[in-house]
Amino acid sequence: MLLLIDAGNTRIKWALAEDGAAPGVWIASGAVAHADLNHLPASWAQHGVKRALVSNVAGSKLRDQLQLMIPTTAISWFASTAQLAGMRNAYRNPSQLGCDRFAAALGARALAPRQALIVATCGTATTIDAVSADGVFLGGMILPGLGLMATSLARNTAQLPEVAPGATLPAGFADNTADAILSGCLSAQAGAIERACALHGATACIVSGGAAQYIGPVLRLPIDHRIVDNIVLIGLHSTVTSSPLQDSPC
Ligand SMILES: Nc1ncnc2c1ncn2[C@@H]1O[C@H](COP(=O)(O)OP(=O)(O)O)[C@@H](O)[C@H]1O
Ligand SMILES: CC(C)(COP(=O)(O)O)[C@@H](O)C(=O)NCCC(=O)O
Ligand SMILES: [K+]
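Residue positions are counted from 1 within each chain, in the order its sequence is given. Chains carry letters and ligands carry numbers; both start at the beginning, A for chains and 1 for ligands, and go up in the order they are written. In keeping with the predicted nature of the model, local features appear solely for residues at pLDDT of at least 70, side-chain atom pairs appear and are counted solely at 80 or more, and the whole-chain, interface and lining totals rest on all residues. Side-chain measures were taken over the full set of non-hydrogen atoms in the model, leaving aside hydrogen atoms and water.

**Student:** Before we go on, may I ask you to explain the overall build of the chain in this structure?
**Tutor:** Across its full length, the chain holds seven helices and 12 strands. For the radius of gyration, the atom set is restricted to C-alpha positions; the globular benchmark scales as 2.2 Å times the number of residues to the power 0.38. For the chain, whose C-alpha radius of gyration is 18 Å, the value lies close to the compact-globule estimate of 18 Å for 250 residues. If you line up the chain on its principal axes, its C-alpha atoms span 55 × 40 × 30 Å. Partitioning the intrachain contacts of the chain with sequence separation of at least 6 by distance along the chain shows that 55% fall at a separation of at least 24. All accessible areas in this document rest on Shrake-Rupley with a 1.4 Å probe, and a residue is counted as covered only by the protein chains that are shown. Carbon and sulfur atoms form 52% of the exposed surface of the chain, whose accessible area is close to 11900 Å². One finds the centroid of the 15 positive side-chain charges in the chain at a distance of 6 Å from the centroid of its 15 negative side-chain charges. Secondary structure is summarised from DSSP: a helix means a run of H or I of at least four residues, a strand means a run of E of at least two, and numbering begins at the N terminus for each. Any two residues whose heavy atoms approach within 4.5 Å at even a single point are treated as in contact. In this charge count, Lys and Arg are treated as positive and Asp and Glu as negative; neither His nor the chain ends contribute. Charge positions come from single atoms, namely NZ of Lys, CZ of Arg, CG of Asp or CD of Glu.

This is the structure in structure tokens:
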């Protein structure tokens, strides 16, 4: 059994895959906030985990905690490299690219091969990256995620409240504070994705991450666009099915 982990700055997402399973075909999966990390070992016990592949962008302390919890010593820490699984990484310093972004790009390409792709991962930060039809990771954008945008307004102003991301956005211009904040933050997120798609001449766009459920429905795009759960885990899984596991620090 293979354990896949996407450790982000807000939550740890994981999935368990049987040997030889196609990318995204999992027998179990879940997500926990950092504060609930201790719940993870119980989810993984009794599954006979033989190896683990981990993307971690949340720092060395979390890496050390995960290392102690993962029920195998065969752990591969995924890293961004100049070339992997048919994708070339055009980041100036390939290892500087967040390994979750590289994994998400690989996942998007596995789901939509030979497309000019935009992959947006809407988590703590929102990352919006471009992959060419011939498999070059071109680079992208990093902006505060939806939750961070809303929280920063509430924390740094006297009169603005914290708004719940799940609230329904009314059509047209907002006539009250909560809707105006929601409209502004969602428009910033969706606008950046739409702008990236136009800049790249994208033929497909994949939106993932904890806030995708709010941002995805707001997008106005003339191309194939879809919300995909756990694109980082799909990308990690795709590297195992197409090439041997890499073992290098993230
Ligand atoms: N149940 C949830 N718990 C935490 N964040 C959530 C949840 N549902 C949606 N979100 C939104 O998703 C974001 C976290 O998404 P996630 O993809 O897990 O981020 P990361 O990869 O940075 O850990 C939060 O900032 C918040 O806006
Ligand atoms: C941009 C990120 C913070 C996103 O992290 P997340 O929101 O998924 O927790 C992460 O990919 C990262 O730390 N990247 C390193 C810098 C870069 O990609 O250029
Ligand atoms: K992200």
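Read on, since the account is not over.
**Student:** I'm lost on the coordination of the potassium ion (ligand 3) in this one. Help?
**Tutor:** For the potassium ion (ligand 3), every protein donor is listed as Thr121 (O) and Ala125 (O), and the spread of their distances is 2.9 to 3.1 Å. Exposure is judged per residue with a 1.4 Å probe applied to protein chains only, and the accessible area is read against the type maximum: over 50% gives exposed, under 20% gives buried, and values in between give partly exposed. Note on Ala125: relative accessible area 31%, which makes it partly exposed. Coordinating donors are taken to be N, O and S atoms lying within 2.8 Å of the metal, or within 3.2 Å when the metal is Na, K or Ca; because water is excluded from the atom set, some sites may appear incomplete.

**Student:** When you look at the site of ligand 1 in this model, what are you seeing that I'm missing?
**Tutor:** Only heavy atoms are used to decide nearness, and a residue is near a molecule or strand if one of them lies within 4 Å of it. The immediate surroundings of ligand 1 are formed by Gly8, Asn9, Thr10, Arg11, Lys13, Gly123, Thr124, Gly147, Gly209, Gly210, Ala211 and Gln213. At a separation of 2.8 Å, an oxygen atom of ligand 1 approaches a polar backbone atom of Thr10. Coverage of ligand 1 by the protein amounts to 71% of the 570 Å² it exposes when considered alone. Composition of the shell around ligand 1 by domain shows at least three residues from each of domain 1 (2–79 + 235–242) and domain 2 (84–231). Identification of polar contacts relies on pairs of N or O atoms within 3.5 Å, with a donor-acceptor requirement for protein atoms, meaning one able to donate a hydrogen and the other able to accept it, and with residues adjacent in sequence counted only if both atoms are side-chain atoms. Throughout, the edges of the domains are those of an automatic or database domain assignment.

**Student:** Honestly, the sheet that holds strand β5 (residues 75–77) in this entry has me stumped. Any pointers?
**Tutor:** Pairing between the strands of a sheet is mediated by backbone hydrogen bonds and can be parallel or antiparallel. Strands pair, by our definition, only if DSSP identifies at least two bridges between them. One open sheet accounts for five strands, arranged β3-β2-β1-β4-β5; its pairing is mixed. Of all the strands in the sheet, the pair left with one neighbour each is β3 (28–33) and β5. Shown here is a sheet whose adjacent strand axes are inclined to one another by a mean of 15°, direction ignored. Here strand β1 (residues 2–7) runs beside strand β2 (residues 11–17); their pairing, made up of six bridges, is antiparallel. Note on definitions: angles span 0 to 180 degrees between N-to-C directions of axes, and those axes are lines fitted to C-alpha atoms, for helices only across the stretch in contact.

**Student:** What's the story with the packing of helix α4 (residues 146–156) against helix α5 (residues 177–200) in this structure? I'm lost.
**Tutor:** Two numbers describe a pair of packed helices, the interaxial angle and the distance between the axes. Contact geometry of α4 with α5 gives a least axis separation of 10 Å together with a crossing angle of 140°. Relative to α5, the element α4 lies oblique. When you trace α4 past α5, the crossing you get is right-handed. On α5, the residues touching Leu146, Met149, Ala150 and Leu153 of α4 are Ile181, Cys185, Leu186, Ala188 and Gln189. In the contact of α4 with α5, the residues fall into eight nonpolar, one polar and no charged. For classification, angles of less than 35 degrees are called roughly parallel, those exceeding 145 degrees roughly antiparallel, those between 65 and 115 degrees roughly perpendicular, and all remaining angles oblique. Should the near helix be turned counterclockwise from the far one by less than a right angle, the crossing is left-handed, whereas a clockwise turn marks it as right-handed. Polar here means any residue other than Ala, Val, Leu, Ile, Met, Phe, Trp, Tyr, Cys and Pro, which are nonpolar, and Asp, Glu, Lys and Arg, which are charged; Gly is therefore polar.

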